[in-house]
Amino acid sequence: MDIKTNTNFANIKETYLFSEIGSRVRAYQEAHPEASIIRMGIGDVTLPLPQVVVEAMVKASQEMGCKETFRGYPPEYGYDFLKDAISIRYGSMGVSVEPGSIFVSDGAKSDLGNIVDILGNNPVIIPDPVYPVYVDSNTMNGNNITYINGTKENGFLPLPSELPSGDHKGSVIYLCSPNNPTGAVYSTEGLTAWVDFALKTGSLIIYDSAYDAFIAEEGIPHTIYEIPGAFDCAIEICSFSKFAGFTGVRCGWTVIPTTLKAGEVSLHALWKRRQATKFNGVSYPVQRAAQAALSDEGVKACAQNIAYYKQNAKLITELLDKKGIFYTGGNNSPYVWLECPEGCSSWEFFDKLLNEVQIVGTPGEGFGKGGDRYFRLTAFGSKENTIEAVKRLENII
Ligand code: MLT
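Quick caveat, the model's predicted, so the values are computed rather than measured.

Undergrad: Just to check I follow, could you spell out the overall build of the protein for this structure?
TA: When its secondary structure is counted, the protein shows twelve helices and 15 strands. In terms of overall size, the protein behaves like a compact globule, its C-alpha atoms giving a radius of gyration of 21 Å where 397 residues would be expected to give roughly 21 Å. Referenced to the eigenvectors of the C-alpha coordinate spread, the extents of the protein come out at roughly 60 × 55 × 55 Å. Here the protein holds 397 residues, and the buried ones make up 54% of them. Residue pairs at least 24 apart in sequence account for 73% of intrachain contacts in the protein once pairs closer than 6 positions are excluded. Surface summary for the protein: the accessible area is close to 17500 Å², and the carbon and sulfur share equals 52%.

Shown next as structure tokens:
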């Protein structure tokens, strides 16, 4: 064929991190069919959907089977009933986000990957380690990335003052809090530093708040819009996946304030245009299910599931405390990010755990160079498996 391809793909890893882990684990399982592997790698939920969510999905599906209540294409930006419910959720956090600023999507990952469509080739600032989607999608677009290091010293919460010198004008900055993979969470002070920096440099923050429902500590921001000035410099992308167990259902949302502008150009209008062309909306039953997750009963049921996962996280962090191993996360996050044993790289540690105790985690290096000596365990498994994993780990770490 004589067509040209996007040569930027040569600059990303050949396989996506979780696909690579999946294929290594499959190979191990084939070679050791008797092994009972405990999966603490990809952050996928394991508890079933709350009953109130299932009932809403069933009812909506039945409506689709009736002439009177059947619906065709959904509105490409989301049904009003769901945008209203999301807006009310922000209200409960003390923040006013009007439904007109909200775009319903099939999950945070799609929006985080697609947002580059409406942005030019700006300088990009990304913390390292980080969720690989920010780096890969910008690399696919040929953008120049400046990394800012998360380290043991800064608690994996880098601040603008740690950026390499330069004016950083007009940058696109990616932040995730509670962070994937480190579980570290920015305080109001930390986020204020980023918002002030963005306003001063005419930069845009893309804020990934997919894990906000795991925040336990008082006074930690749940949304970037709690920070004064954020409506003038930030897009927020969130998800029902971790909050309501929707990893297999697919629903999320993006907030782009109607007033957010790059020069004279409305980012809201650009995203609206992009979505209308490339996206046909989220199915009606899924949006009804998402609405139910945001009802009082739904929020209560989701909180119970989150409490269950947090209890798993506690089992893991108690072991690390006992062993004196440095870690972040667990408290406000389903992820625990621990330091690998002396002299062991993260992929070596991955192999060691898989081969010796049949536990799958995620090697920190998959999240960037800064993760080279770290390892991520998720608390999204069952309590029984987590107890067993802690027992197995106790003997080898
Ligand atoms: C993870 O394990 O980092 C997440 O599950 C990936 C995702 O949310 O796409």
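Undergrad: Explanation requested: the sheet that holds strand β11 (residues 327–329) in the structure shown.
TA: As a general point, the strands of a sheet are linked pairwise by backbone hydrogen bonds and lie either parallel or antiparallel. Strand order in the open sheet formed by four strands is β11-β12-β15-β14, and the pairing between neighbours is antiparallel. The sheet is open, and its two edges are formed by β11 and β14 (362–363), each paired on a single side. Relative to strand β12 (residues 335–339), β11 is paired through three bridges, and the arrangement is antiparallel. Pairing of Gly 329 across the sheet is with Val 336, part of β12. On the sheet, helix α11 (residues 346–357) packs against β12, β14 and β15 (374–378) and is oriented at approximately 45 degrees with respect to β15.

Undergrad: Please clarify how the domain arrangement of the protein should be interpreted in this entry.
TA: One widely used convention gives an interface's size as the accessible area the parts lose upon coming together. With domains assigned, the protein is organised as domain 1 (7–49 + 299–394) and domain 2 (52–296). For domain 1 versus domain 2, the distance between C-alpha centres works out to 24 Å. Opposite the 35 residues of domain 1 that make contact, domain 2 presents 44 residues. Together domain 1 and domain 2 conceal approximately 3200 Å² of surface at their shared face, both sides included; 64% is due to carbon and sulfur atoms. For the domain 1 face of the interface with domain 2, the top three residues by lost area are Tyr 16, Leu 49 and Asn 332, together amounting to 23%. Inspection of the region where domain 1 meets domain 2 yields one salt bridge. On inspection of domain 1 and its partner domain 2, the count reaches 19 residue pairs in polar contact (both at pLDDT 80 or more). Considering every element that reaches the side of domain 1 that touches domain 2, the biggest residue donor is helix α10 (residues 296–323), with six residues.

Undergrad: Just checking my understanding: could you explain the packing of aromatic side chains for this structure?
TA: Each aromatic ring pair is characterised by the separation of its centres together with the angle its planes make. Considering all chains together, one arrives at 26 aromatic pairs under this definition. Between Tyr 79 and Tyr 284, the ring centres sit 5.5 Å apart and the planes meet at 75 degrees, which makes this aromatic pair edge-to-face. Taken together, the residues Tyr 79 in the loop between α2 (51–64) and α3 (80–92) and Tyr 284 in helix α9 (residues 284–293) connect sequence positions 205 residues apart. For Tyr 79, a relative accessible area of 8% corresponds to the buried category. Judged by centre distance (5.9 Å) and plane angle (85 degrees), the rings of Phe 156 and Trp 337 are edge-to-face. Here Phe 156 is found in the loop between β4 (145–149) and β5 (172–176), whereas its partner Trp 337 is found in strand β12, with 181 residues between them in sequence. Here Phe 156 matches Trp 337 in class, with each residue buried. One aromatic cluster is present, formed by Tyr 16, Phe 18, Phe 156, Phe 326, Trp 337, Phe 367 and Tyr 374 through successive ring pairs. Directly above the aromatic system of Phe 243 lies the positively charged group of Arg 89, at a separation of 5.1 Å from the ring centroid.

Undergrad: Before we go on, may I ask you to explain the site of the ligand in this structure?
TA: Every residue close to the ligand is listed here: Phe 18, Ile 42, Gly 43, Tyr 131, Asn 180, Tyr 211, Lys 242, Tyr 335 and Arg 376. The contact in question runs from an oxygen atom of the ligand to an N or O atom on the side chain of Asn 180, over 2.8 Å. Residue Lys 242 places a side-chain N or O atom 2.9 Å away from an oxygen atom belonging to the ligand. Against a free-state accessible area of 270 Å², the protein chains account for coverage of 85% of the ligand. For the shell around the ligand, the class distribution of residues is five nonpolar, two polar and two charged. Among the domains, domain 1 (7–49 + 299–394) and domain 2 (52–296) are the pair contributing at least three residues each to the shell around the ligand.

Undergrad: Looking at this model, I keep getting lost on the environment of Ser 61. Mind explaining?
TA: With respect to the helices, strands and loops of the structure, Ser 61 is situated in helix α2. On a C-alpha basis, the gap between Ser 61 and Thr 277 in space is 26 Å, while along the polypeptide they are 216 residues apart.

Undergrad: What am I meant to see in helix α6 (residues 188–201) here?
TA: Owing to its 3.6 residues per turn, the α-helix aligns residues three or four sequence positions apart on the same side. Helix length check: α6 (14 residues) gives 20 Å between terminal C-alpha atoms against 20 Å at 1.5 Å per residue, within 8%. Turning to α6, its buried residues number three or more, namely Gly 190, Leu 191, Trp 194, Val 195, Phe 197, Ala 198 and Thr 201. Viewed along the axis of α6, the buried residues span an arc of 160 degrees, placing them on a single side of the element. Summarising the geometry of α6, the exposed residues directed more than 90 degrees from the buried face are Glu 189 and Lys 200. Its buried side turned inward, α6 meets β3 (124–128), β4, β5 and β6 (204–208). Immediately beyond the C-terminal end of α6, within one or two residues, lies Gly 202, with a positive phi of roughly 65 degrees.

Undergrad: Looking at this structure, how should I read the nonpolar core?
TA: If you look at soluble globular proteins, the nonpolar side chains tend to sit buried side by side. In terms of nonpolar packing, the biggest core is built from 90 residues, with Trp 194, Ile 205 and Phe 240 touching the most fellow members. Split by domain, this core shows at least three residues from each of two domains, domain 1 (7–49 + 299–394) and domain 2 (52–296). With near-sequence residues (within four places) excluded, Trp 194 lies in contact with Ile 125, Ile 148, Pro 158, Leu 159, Pro 160, Leu 163, Ile 173, Leu 175, Tyr 186 and Ile 205. Ile 115, Ile 126, Val 135 and Leu 204 belong to the second-largest nonpolar core, a separate cluster that totals 27 residues.

Rules of the game
- Sequence order sets the numbering: in each chain, residues are counted from 1 along the sequence as written.
- Owing to the predicted nature of the model, reporting of local features is limited to residues with pLDDT of at least 70; listing and counting of side-chain atom pairs is limited to 80 or more, with chain, interface and lining totals taken over all residues.
- Based on all heavy atoms of the structure, the side-chain values leave hydrogens and waters out of the count.
- Where helices and strands are cited, they refer to DSSP runs of H or I of at least four residues and of E of at least two residues respectively, numbered from the N terminus.
- Radius of gyration means the value over C-alpha atoms here, while the globule rule gives 2.2 Å times the residue count to the 0.38 power.
- In this scheme, a residue with accessible area under 20% of its type's maximum is buried, one over 50% is exposed, and one in between is partly exposed, where area comes from a 1.4 Å probe on protein chains only.
- The contact definition used throughout considers only heavy atoms, calling two residues in contact when any of these lie within 4.5 Å.
- Only the protein chains shown count as covering a residue, and every accessible area follows the Shrake-Rupley method with a 1.4 Å probe.
- Pairing between strands requires that DSSP locate at least two bridges from one strand to the other.
- Every axis corresponds to a line fitted to the C-alpha atoms, with the helix fit spanning only the stretch in contact, and the corresponding angles, defined between N-to-C directions, vary from 0 to 180 degrees.
- Just so you know, the domain bounds were taken from an automatic or database domain assignment.
- Summed over both partners, the accessible area lost on bringing two parts together, with a 1.4 Å probe, is the buried area.
- Salt bridges are defined as contacts in which a side-chain nitrogen from Lys or Arg sits within 4 Å of a carboxyl oxygen from Asp or Glu.
- Side-chain atoms alone can form a polar contact between residues adjacent in sequence; in general such a contact is a pair of N or O atoms within 3.5 Å, and within protein one must be able to donate a hydrogen while the other accepts it.
- Paired rings are identified among Phe, Tyr and Trp, the last through its six-membered ring, by centres lying within 6.5 Å, and are further divided according to the angle between planes into stacked (under 30 degrees), edge-to-face (over 60) and tilted (the rest).
- Sitting over a ring, as applied to charges here, requires NZ of Lys or CZ of Arg to be within 6 Å of the ring centre and within 35 degrees of the ring normal.
- Nearness is defined per residue: one heavy atom within 4 Å of the molecule or strand is enough.
- By the convention adopted, Pro, Cys, Tyr, Trp, Phe, Met, Ile, Leu, Val and Ala count as nonpolar, Lys, Arg, Asp and Glu as charged, and the other residues, Gly among them, as polar.
- Residue count minus one, scaled by 1.5 Å, sets the expected span of a helix.
- Arc, as used here, means the arc of the directions from the helix axis to the C-beta atoms.
- As used in this record, nonpolar core signifies buried Ala, Val, Leu, Ile, Met, Phe, Trp, Tyr and Cys residues forming a set joined through side-chain atoms within 4.5 Å.

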